[in-house]
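The chain contents come next:
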Amino acid sequence: MSDFFFLPAWPPPVEDLPWLAFLLIVAVLAGEAVQRWLHLPRLLGWIAAGVAFGPEGAGLLDEDTLGDIRGLLDIGIGIVLFELGQRIDFGWLRRNPWLLGASALESALSFAAMWAVLLVLGMPPVLAAVPAAIGMATSPAVVLTLARELRAQGQVTERALLLTALNCLYALAAVSMLVAWLHAEYRVGWTEVVAHPLYLLAGSLVLGAAFAGVTLGVLTGLGERTDAQFICIVVLALVAIALAPVLHLPVALTLFVYGALTRVFDRARHFAFLEFGRLGQMVVILLFALSAANLEFGLVPAGALAGLALVIARFAGKTLGLAAFARRSALPARKAVLLGCALMPMSAVVLVLAQDTAELAPELGPALAAVILSALAMLEIVGPLAAQFAFKQAGETAAPRHGPGPA
Amino acid sequence: MNALEFKKSATLTLGVELELQLVNTRDCDLTRSAPDLLELIGGALRPGAVKPEIADSMIELSTSIHSRHEALLAELRALRDAVLAAGDRLNVAVAGGGAHPFQRWGEQRLSDRAHFRRLSEIYGDLARRVAVFGQHIHVGCPDGDDALYLLHALSRYVPHFIALAASSPYYQGVDSAFDSARLNSVSVLPLSGRAPFILRWDSFNAYFARMRDLGVVESMQDFYWDVRPKPEYGTIEIRVCDTPLTVERAAALAAYAQALCRYLLIERSRLPTEDVYLAYGYGRFQACRFGLDGELIDAATGAKRTIAEDVLATVAVLEVHARELEGEDALGAIAAIARGEGNDARWMRERYRRNRSLPDLVFRQVERWRGTA
């Protein structure tokens, strides 16, 4: 035995360290640095921290560890989608129905454009439809985080949030259907083809509605806004996030419905907006960092060209769709283009969707990976920059501010 | 071009400006949507009918010149509907009320225009605090001397306007206990309060010239008096009213001012002396704090009564004038407020008590402004 038996082995065993806490603090510091010195969105710093920790970087997070924290990713996604659901504004859609037209068209055109690119690349139609459907969705985490960080308010911001909520809904529904069709291709019985997506949609709706009802009941019972209310919201959301997978329901769709219906059911506007505050912020930072760590940059060169084509097709489809209905939905043409930029981000949720799909149809996984992942890696950087550019150019951020005031 | 020229305007004509709150439909907080809203309205309305204000979450409606209550109300309704139609497409809700019940003034973004930038440089954070919402009533005067006479004769009635229009009980998230918390935020400005007791326009000009030479002010816009002359319009401007929750009440207040001015111009029963200002601050405070229940002391007679009683006594005197001006309906509406219907501050407190949600209160204000509640 060595004289220095009391010293730890070097390097110390990684799994014993609170690396998640370490990752969080590095991500937070990187975020502040990026914001302060580069004037870029903080979330790029969070992403950089994740990449640095991940298999492609220092290797502190290997694939096994990343597999273990899938639960944490679910919580992050659940929280983001719960908030996103509350952004669905049926009143606005009723008063300005052209918004729904613009939303449908931007999603349809971006789907069609991406699908066409993938067909040209020689992917089978049904297989190609999956990434195209996934690509319709704008990253809600990026848009929500940026809008909050920049304290943006105005038509581009409000519409970006609404349209993100809608295109995520389309994507979630479309992917559920497509997965069922894929099952059919792999010779699963027709009952499953019909019954499975139906179960996913109806199940999410029922579970989300039940939680929305319970939440409002509990909050009303508690009365005035208090810490107890906050705890109840957090706990109920966590329970919903845990319960959905147990029932084989998609966390994302369930929490989205949950958020949307709390707003619909709250007729007295007791709880104008349910948020997770700083606690939610911590989870979202981890969501960004961990999903970035999941990115396999090694695949990027292989799919770079196809990925770039996808990115361009997606942006063109979205912007054309928005521009076509700009005037009728009361948006100046310039702002329609900015809105197209604001809808560019695409991230974590996509990856999880892709993983969900890969689990259900193993043959699909590797074929999808290279193209989607390189498009994703590009948009991981370009998306937030484009969205920040859009909010700033539209003049909707908290600056210009003059005179003294909080920074 | 040193002297302020008092432009001639048709006596007893009316114009109204209303500062309105722009709120989102999600949590009913103020939203910086004036630029988008104004861009959409664009040239569809008479130039100047809808204008930007000091904060990006405010707009101002201004009517053209009217001689009758009915026409004024019709224009206010048309302006309201035009703004509502644009707001509906942009998901921007519009509300009356003297102050937003729960916004934090530190969150407000000030309008990026030269005049407002200058205000912000001079007043710092006070500029954000005065981002409150008032109704301004312009009454046309034959000349500058009459304008000054009216201004000082009206001072006795200033508490009426405060109490009748009061609609800002909630401020920064709490019940301020005031019916009009808005005037408290205006009172912090150094040039607020009452105009100096000057009754001749040439003397007023001399006063203004001195103040300008001293560098205290640059223009008449720098005075934030409760009632001030507006020489370029040929009017006096009553500025103490909170923006009411409905255009109907805004028009009724304007018609009340018109009838009152007609009475004061014709009867001239009591020439104002500086004594009217002995109890001015007291009455103003009582009106802000207690609304129509506030106490009014008549400095000339020493008589004390509630503001509601004094309004009703005044209404009785004004009936003949209102008839001449075809404003009996409006006068009736004012009497009803004093007789027990109560001001908008009371309506807001009753509404809030039902489910104790300030966002919901703002939503009700939005519905009320729309004319559907």
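Residues numbered from 1 in each chain as written. Chains lettered and ligands numbered in written order. Predicted model: local features only at pLDDT ≥ 70, side-chain atom pairs only at ≥ 80, totals over all residues.

(A) Highlighting the overall build of chain A. Across its full length, chain A carries 17 helices and zero strands. A buried classification covers 50% of the 407 residues belonging to chain A. Within chain A, contacts between residues separated by at least 24 positions form 81% of all contacts whose residues are at least 6 apart in sequence. (Helix = DSSP H or I, 4+ residues; strand = E, 2+ residues; numbered from the N terminus. Buried ≥ 20, exposed ≤ 12 C-beta atoms within 10 Å, placed from the backbone. Contact = placed C-beta atoms within 7 Å.)

(B) Examining the overall build of chain B more closely. If you tally the helices and strands in chain B, you get 14 helices and 13 strands. With the principal axes as the frame, chain B shows a C-alpha extent of 55 × 50 × 35 Å. Looking at chain B alone, contacts between residues at least 24 apart form 76% of all its contacts between residues at least 6 apart.

(C) Expanded view of the confidence of the model for chain B. Averaged over chain B, the pLDDT score is 92; the fraction of residues at 70 or greater is 98%. Here the predicted complex carries an ipTM of 0.86, next to a pTM of 0.89. (pLDDT = per-residue confidence, 0-100.)

(D) Fine view of the interface of chain A and chain B. At the junction of the two partners, chain A supplies 26 residues and chain B supplies 31 residues. Counting only elements with at least two residues in the side of chain A that touches chain B, the list comes to helix 5 (90-95) and helix 9 (155-185) of chain A. Examining the composition of the side of chain A that touches chain B, we find that three residues originate from one element, helix 5 of chain A, more than from any other. Broken down by class, the residue content of the side of chain A that touches chain B amounts to ten nonpolar, ten polar and six charged. (Nonpolar A, V, L, I, M, F, W, Y, C, P; charged D, E, K, R; others polar.)

(E) Focus on the nonpolar core. Membership of the largest hydrophobic core comes to 124 residues, with the highest contact counts inside it found for A:Ala49, A:Ala133, A:Phe256, A:Phe288, A:Ala289 and A:Ala342. Here the element with the most residues in this core is helix 9 of chain A; it accounts for 17 residues. In contact with A:Ala289, not counting residues within four places along its chain, are A:Leu23, A:Ala27, A:Trp46, A:Ile47, A:Ala49 and A:Gly50. Listed in part, the 109 residues of the second largest apolar core include B:Leu119, B:Ala131, B:Leu164 and B:Ala308. (Core = buried A, V, L, I, M, F, W, Y, C linked by C-beta atoms within 7 Å.)

(F) Representation of the pairing of strand 10 (residues 227-230) of chain B within the structure. Residue and element names in this part refer to chain B. Because side chains alternate across strand 10, one face comprises the buried residues Val227 and Pro229, and the other comprises Arg228 and Lys230, equally buried. For strand 10 and strand 11 (residues 235-242), the ladder comprises four bridges, and the chain directions are antiparallel. Residue pairing for strand 11: Pro229 is matched across the bridge by Ile236. Connecting strand 10 to the next strand, strand 11, in antiparallel fashion are four residues, including Gly234 with a positive phi near 70°. (Pairing = 2+ DSSP bridges.)

(G) Geometry of helix 3 (residues 114-123) of chain B. All names here are of chain B. For helix 3, the full list of buried residues reads Phe116, Leu119 and Ser120. The buried residues of helix 3 all sit within an arc of 100° when viewed along its axis, so they share a single face. Of the exposed residues in helix 3, those oriented more than 90 degrees away from the buried face are Ala114, His115 and Glu121. Gly124, located one to two residues past helix 3, shows a positive phi value of around 60°. (Arc of directions from axis to C-beta.)

(H) Up close: the pairing of strand 5 (residues 134-140) of chain B. All names here are of chain B. Across the seven residues of strand 5, seven count as buried, placing the element largely inside the fold. Of the two faces of strand 5, the one carrying Gly134, His136, His138 and Gly140 and the one carrying Gln135, Ile137 and Val139 are both buried. Note that strand 1 (residues 14-24) and strand 5 share five bridges and pair antiparallel. In the sheet register, Glu17 faces strand 5, and the bridge partner there is His136.

(I) Looking closely at the environment of B:Thr246. Residue and element names in this part refer to chain B. Its location among the elements puts Thr246 in the loop between strand 11 and helix 9 (247-267). Separated by 63 residues in sequence, Thr246 and Glu309 place their C-alpha atoms 24 Å apart. When sequence neighbours within four positions are dropped, the list of residues in contact with Thr246 reads Gly96, Arg368 and Trp369.

(J) Fine view of the environment of B:Met348. Residue and element names in this part refer to chain B. Within the secondary structure, Met348 is located in helix 13 (residues 344-355). Measuring from C-alpha to C-alpha, the distance between Met348 and Leu358 comes to 9.8 Å, with ten residues separating the pair along the chain. When neighbours within four sequence positions are excluded, Met348 is seen to be in contact with Ser167, Pro169, Tyr170 and Leu361.

(K) Summary view of the packing of helix 9 of chain B against helix 12 (residues 328-341) of chain B. All names here are of chain B. At their nearest, the axes of helix 9 and helix 12 sit 8 Å apart, and the two run at 105° to each other. Viewed along their axes, helix 9 and helix 12 adopt a mutual orientation that is roughly perpendicular. Packed against helix 9, whose contacting residues are Ala251, Ala252, Ala255, Tyr256 and Ala259, the element helix 12 presents Ala330, Leu331, Ala333 and Ile334 at the interface. Its residues assigned to classes, the contact of helix 9 with helix 12 comprises nine nonpolar, no polar and no charged. (Axes fitted to C-alpha atoms, helices over the stretch in contact; angles between N-to-C directions. Parallel < 35°, antiparallel > 145°, perpendicular 65-115°, else oblique.)

(L) Spotlight on the environment of B:Gly340. Structurally, the position occupied by B:Gly340 is in helix 12. For the pair B:Gly340 and B:Leu292, spaced 48 residues apart in sequence, the C-alpha separation works out to 9.5 Å.

(M) Region of the structure containing helix 11 (residues 227-246) of chain A. Residue and element names in this part refer to chain A. Counted at 1.5 Å a residue, the expected span for helix 11 with its 20 residues is 28 Å, and the 29 Å between its end C-alpha atoms agrees. When we look at burial in helix 11, the residues that qualify are Gln229, Ile233, Leu236, Ala237, Ala240, Ile241 and Ala244. The buried residues of helix 11 occupy one face: seen down the axis, they fall within an arc of 135°. Residues of helix 11 that are exposed and point more than 90 degrees away from the buried face comprise Asp227, Ile231, Val235, Val239 and Val246. Taken from the residues just after helix 11, His248 is the one with a positive phi, measuring 60°. (Expected span 1.5 Å × (residues − 1).)

(N) How the structure looks around unusual backbone geometry. In this structure, A:His248 is a non-glycine residue whose phi angle is positive, near 60°. On the basis of neighbour count, A:His248 is assigned to the exposed category, with 10 C-beta atoms found within 10 Å. Of note in this structure, B:Gln172 is not a glycine but carries a positive phi near 55°. Its place among the elements puts B:Gln172 in the loop between strand 6 (170-171) and strand 7 (174-175). A residue is classified by how many C-beta atoms lie within 10 Å of it, and B:Gln172, with 15 of them, is partly exposed.

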